[in-house]
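Single-letter residue listing:
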Amino acid sequence: MTLVGRTAAIGTLDEVLAECFAGVSRTVLIEGPAGCGKSVLVDTVVERAAAAGATVLCAVASPAEQDVPLGVIRQLVHGDPSLALPEDALAAPGVPSRVQDTQSFCAALREAGRAAPVVLCVDDVRFADDASLA
Ligand SMILES: Nc1ncnc2c1ncn2[C@@H]1O[C@H](COP(=O)(O)OP(=O)(O)O)[C@@H](O)[C@H]1O
Ligand SMILES: [Mg+2]
């Protein structure tokens, strides 16, 4: 969709994306009141990053899943089977996360990042579970 009044924000996000293609890690936090257009801006980032050739993984955090360890990471890896967590982590959503699950995910991300930048988009990140944030 066409966003109104977001030329500067999209320009900034394109610059950050270009830096990622140059090999730099970047984090962007989009803040604002409900309804101001955060989610549609994230959707735009997803489209532009994918069109540029990045590997794009998306998740939407929610209060209902906030107590599910690694719930957000499960959503992220769902978009790319090569990044999957170990079977036991994926099969047991109620079990507390382990350091090795997180290390496994990070290792998979580093490996994926050799081929193309990996862009992780988490909408409503304030609701993300602690294990995924860690
Ligand atoms: N800059 C914009 N241009 C056009 N429509 C917008 C813009 N910002 C928000 N909207 C519209 O407003 C509504 C709320 O946007 P949304 O991204 O869901 O807000 P948020 O995630 O910040 O709560 C959506 O229907 C979206 O399409
Ligand atoms: Mg939103």
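Going along each chain's sequence as written, the residues are numbered from 1 onward. Chain letters start at A and ligand numbers start at 1, both assigned in the order the entries are written. Local features in this predicted model are restricted to residues of pLDDT 70 or higher, and side-chain atom pairs are both shown and tallied only at a pLDDT of 80 or more, whereas totals for entire chains, interfaces and linings draw on every residue. Neither water nor hydrogens contribute to the side-chain values; these are computed over all heavy atoms in the structure.

What is the right way to read the environment of threonine 102 from this model?
Numbering goes from the N terminus for both helices and strands, where a helix is a DSSP run of H or I of at least four residues and a strand is a run of E of at least two. Locating threonine 102 in the fold gives a position in helix H5 (residues 99–115). Relative accessibility decides the category of a residue: with a 1.4 Å probe and only protein chains considered, values under 20% of the type maximum give buried, values over 50% give exposed, and everything between is partly exposed. Using a relative accessible area of 19% as the deciding quantity, one classes threonine 102 as buried. On a C-alpha basis, the gap between threonine 102 and alanine 131 in space is 8.2 Å, while along the polypeptide they are 29 residues apart.

Hey, could you run me through the site of ligand 1 in this one?
Near residues are defined by distance, with any heavy atom within 4 Å of the molecule or strand qualifying the residue. Close to ligand 1 lie 13 residues, the nearest being Val4, Gly35, Lys38, Ser39 and Val40. For this analysis, a polar contact is any N or O atom pair within 3.5 Å, provided that within protein one partner can donate a hydrogen and the other can accept it, and provided that sequence-adjacent residues contribute only side-chain to side-chain pairs. Measuring from an oxygen atom of ligand 1, one finds a side-chain N or O atom of lysine 38 at 2.8 Å. Isolated, ligand 1 exposes 560 Å² of accessible area, and the fraction of that covered by the protein chains is 64%. When grouped by side-chain class, the residues that make up the shell around ligand 1 number seven nonpolar, four polar and two charged. For the accessible areas, the method is Shrake-Rupley and the probe is 1.4 Å, while residue cover comes only from the protein chains on display. Side-chain classes are defined by residue name, with Ala, Val, Leu, Ile, Met, Phe, Trp, Tyr, Cys and Pro counting as nonpolar, Asp, Glu, Lys and Arg as charged, and the others, Gly among them, as polar.

Explain the packing of helix H1 (residues 7–21) against helix H2 (residues 38–51) here, please?
When two helices pack together, their arrangement is captured by the angle between the axes and the distance separating the axes. For helices, the fitted axis covers only the stretch in contact; all axes are lines through C-alpha atoms, and the angles between them, taken along N-to-C directions, range from 0 to 180 degrees. Between H1 and H2, the least distance of the axes is 11 Å, while the angle of their chain directions is 40 degrees. Looking at the two axes, H1 sits oblique to H2. Relative to H2, the crossing made by H1 is right-handed. From H1, Ala9, Ile10, Leu13, Asp14 and Leu17 reach across to H2, where they touch Leu41, Thr44, Val45, Arg48 and Ala49. The class makeup of the residues in the contact of H1 with H2 is seven nonpolar, one polar and two charged. Here the angle decides the label: under 35 degrees means roughly parallel, over 145 means roughly antiparallel, 65 to 115 means roughly perpendicular, and every other value means oblique. Crossing handedness follows the turn of the near helix against the far one: under a right angle anticlockwise gives a left-handed crossing, and clockwise gives a right-handed one. Throughout, a residue-residue contact means that at least one pair of heavy atoms, one from each residue, lies within 4.5 Å.

I keep staring at the pattern of salt bridges and nothing clicks. Help me out?
We define a salt bridge as a contact between a side-chain nitrogen of Lys or Arg and a carboxyl oxygen of Asp or Glu at a distance within 4 Å. Overall, the coordinates contain four salt bridges when judged by the stated rule. Across the pair arginine 48 and aspartate 14 runs a salt bridge, and its minimum N-O distance is 2.6 Å. Linking arginine 48 in helix H2 with aspartate 14 in helix H1, this pair joins segments that are 34 residues apart in sequence. A residue is classified by how much of its surface remains accessible, and arginine 48, at 36% relative accessible area, is partly exposed. One salt bridge connects glutamate 111 with arginine 114, and the closest N-O pair in it is separated by 3.1 Å. One end of the pair is glutamate 111 and the other is arginine 114, both in helix H5 and three residues apart, which spans about a single turn. Using a relative accessible area of 68% as the deciding quantity, one classes arginine 114 as exposed.

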